[in-house]
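One-letter residues, chain by chain:
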Amino acid sequence: MIEILTGSSLNTIQDFGRPHAMAMGVAQGGGMDRLALSHGNLLLDNPLDAAGIEIVFFPFRVRFHTETSFAVTGAVCPATLDDLKLPRDWAITARPGQTLTLRAPEQGARAYLTFRGGLDVPPVLGARSTDLKGGFGGLEGRALQKGDRLSCLAASTLCLPAAGYGLTRPCPLPHADGTRIRVLPAAEHEVFTPESLKTFHAASWTLTPSANRMGYRLEGQNALKLSRPLSLFSHGILPGTVQVPPAGQPIIQMMDANTCGGYPKIATVIAPDLRLLSQTVVGAPVHFETITRNEAVQIIRQEAADLKRLATEIATLRTQLVF
Amino acid sequence: MTRIHMAGAGGLLLDAANGPFSDTTQRRIWATSRELNTRPDVLQTIPGVNNLLVTFDAVQTDPSAMEELLRTVWTQASAEEVPSREIVVPVVYGGAFGEDLALVARFANLTEEETIDAHMAGRYSVAAIGAMAGFVYLTGLDSRLAIPRRDSPRLRVEEGAVVIGGGHAGMMPCTSPSGWHILGRTDLCLFDAFRPEPGLLRLGDTVRFVRAS
C-alpha cells in the first residue's frame, strides 16, 4: 500500500494505453515515455506494460505503508528515500513508513515510478491508463491527489541488494541545446510551399507552454504555408502526427490526442523520438530531421532489440545476485 | 484517384476522397476496414470520412508489404450495404442549449424554425467514429446547413451538445473543446466505457433527430 502525499492535476497512472480502442474514438493513451516506463518495470521483473505513475508535477512524495520494491526512471530528478539519495534509473525496496521524494528534474520532464507487481487499479477497455479526457481508467479516471492510496497486484517478493540496483545505460534524454526529432513525411507534406518545407527542417522551433498529454504546440519565426488551400475530410491520426493549423505553427499530437482530425499533416514523428519530445521542457528548441521509412523501421527495430537484450541482461544479473 | 500516405512507420492512411463526400466510397472504406480487421498483422483500422487509417507493428511487419495488402484489399472491396439500425435522438433545440441556432439560421438564410426542421428532416449515416470516444461523424446534413467550423474553437462544449460543422452533424459524447456549431442538446448517453458496448452508435447506423418532448 502506498499513499500519495502531494496532489496535482497532472500526475497519472499509466501503462501502455488502449491502442485497440482507437476505433471507438478512445485515445491511445499510455505512458508518454514508454521506454522509461518499460525500464522501470524491467528492473522490477514486471511485465513491461505494468501500470506505474507518470510524474510531471514536482516535488512528488509518496509514503510506503508496506514493504514495496519500486523503481524511478525517466527524467533525472533528485530522488530520496527518507534521507537516502537514489541514483538515477534505480530500483530499491522501501520499508513500511518510508517516504520517497522526487524533486524537479535536472534533465527531462517526466519521471516514472513503478512498483513490483504493478499498480492494482481496474482495467478499463483493456488498460489501466488514466484517460483524463474520457474520465476513466487509472484511479477513478482522474489525476492522483493527496491522500490517495494505491495497492499493487500480487507478485512474489523481489530480492534486491539492500542499496538497490540500477541501469548503467539510461534512457536517452534531450540535450540542453535542443531535441532532434526524426520524422517521416505525412499526407500533405508535398502541399506545403518549398520555402515552408525548408523552414520546417532548418528552423529552430520552440516548445510552447501549450504542451500536455494531448498535444505539444511549437512556435517558430516563420509560419508554414500551403501552396494551395486544402479542405480535408476528417481522418484518423496517430500520436506523433505533426499537424499545421491555418496559423502555420505546428502541433504535435501526443499520446492522449484525438483519434481523428482535419488539419493538414506535414510529418509524423517516429515513436522513439516522440518519447524524447515528451521529455523536452517548455522553451527548449526542437529541430526536425526527415528520414526514410526504411531508416525509421531500422531505428524502431533496433530499439525493440535493445530492450529485449536489456531484459535478458537484467534477468541474468538477477540470477547472479547473492544476498 | 486513391492515395496511400505514410502515417509514421507503423501507419498508413488511404485517402479515397475525390471531391464531395461519396456514400459508395464510404461503404468501400467500411468493407476494407472489416476485411483488414481479420488480418493478424493489422493492429487496427480507423475509418475516417472517405479515408482509412491502418496501423501495424513495424517491428514485425514490413510497411511496404502492408501497403501492398491495403491496396489489394481496397481494390477488391465492394460497396455493399452494411446492416444498419435506426437510432432516434431527442433534441432540445435552441435557447440556452443551442446558442448557435440563430447564427446558423442567418448563414442558411432560414428562420430558426426552418433551420430546426432542416436538421430534423435529415436521414444521417454514421460515416466515422473518432476524435473523442464515441463521437460520430454524421453524413446527410442538408447542404444549406453546411456552415464551416468556427475560426477558433470553443474551449468547452458540453456533453450532449447537438452540433454541426464542415458539412457534418454530430453530438458531443463528453465535454470538450470544439469548433462545431451548437444547435441543441440531447440526453442520450453516447459513450460509457463501462457498458459492454461502450459506444451507442456503430458505423453505418442511421440517425434521426426529433424534438424532445
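Residues numbered from 1 in each chain as written. Chains lettered and ligands numbered in written order. Predicted model: local features only at pLDDT ≥ 70, side-chain atom pairs only at ≥ 80, totals over all residues. Heavy atoms only, no water.

S.K.: Outline the domain arrangement of chain B, listing residues and values.
M.R.: Residue and element names in this part refer to chain B. Partitioning chain B into structural domains gives domain 1 (3-76) and domain 2 (86-211). For domain 1 versus domain 2, the separation of C-alpha centres amounts to 27 Å. Taken together, the contacts link six residues of domain 1 with 10 residues of domain 2. Between domain 1 and domain 2 lies a buried interface of about 560 Å² when both sides are counted; carbon and sulfur atoms form 72% of it. Ranking the residues of domain 1 by area buried against domain 2 places Trp30, Pro47 and Val49 at the top, with a combined share of 69%. In this assembly, domain 1 and domain 2 are joined by zero salt bridges. At the boundary of domain 1 with domain 2, the tally comes to two residue pairs in polar contact (both at pLDDT 80 or more). Taken together, the residues that form the side of domain 1 that touches domain 2 break down as four nonpolar, two polar and no charged. (Domains from an automatic or database assignment. Contact = heavy atoms within 4.5 Å. Buried area = accessible area lost by both parts, 1.4 Å probe. Salt bridge = Lys/Arg side-chain N within 4 Å of Asp/Glu carboxyl O. Polar contact = N/O pair within 3.5 Å; in protein donor to acceptor, adjacent residues only side chain to side chain. Nonpolar A, V, L, I, M, F, W, Y, C, P; charged D, E, K, R; others polar.)

S.K.: How would you summarise the nonpolar core if you had to cite specific residues and measurements?
M.R.: Residue and element names in this part refer to chain A. Within the largest apolar cluster, 42 residues are counted, with the highest numbers of intra-cluster contacts made by Phe200, Trp205, Val242, Ile252, Ile266, Leu277 and Phe288. Viewed by domain, this core spans two of them, domain 1 (2-171) and domain 2 (179-291), each represented by three or more residues. When neighbours within four sequence positions are excluded, isoleucine 252 is seen to be in contact with Met214, Gly215, Tyr216, Leu218, Gly240, Thr241, Val242, Val269, Leu274, Leu277 and Phe288. (Core = buried A, V, L, I, M, F, W, Y, C linked by side-chain atoms within 4.5 Å. Buried < 20%, exposed > 50% of the residue type's maximum accessible area, 1.4 Å probe, protein only.)

S.K.: Which residues make up the packing of helix 3 (residues 101-108) of chain B against helix 4 (residues 112-121) of chain B, and what are the values?
M.R.: Residues and elements named next belong to chain B. For the pair helix 3 and helix 4, interaxial distance at closest approach is 9 Å and the crossing angle is 90°. When the axis of helix 3 is compared with that of helix 4, the two are roughly perpendicular. Across the interface between the two elements, Leu101, Ala102, Val104 and Ala105 from helix 3 touch Glu112, Thr115 and Ile116 from helix 4. Residues belonging to the contact of helix 3 with helix 4 are distributed by class as follows: five nonpolar, one polar and one charged. (Axes fitted to C-alpha atoms, helices over the stretch in contact; angles between N-to-C directions. Helix = DSSP H or I, 4+ residues; strand = E, 2+ residues; numbered from the N terminus. Parallel < 35°, antiparallel > 145°, perpendicular 65-115°, else oblique.)

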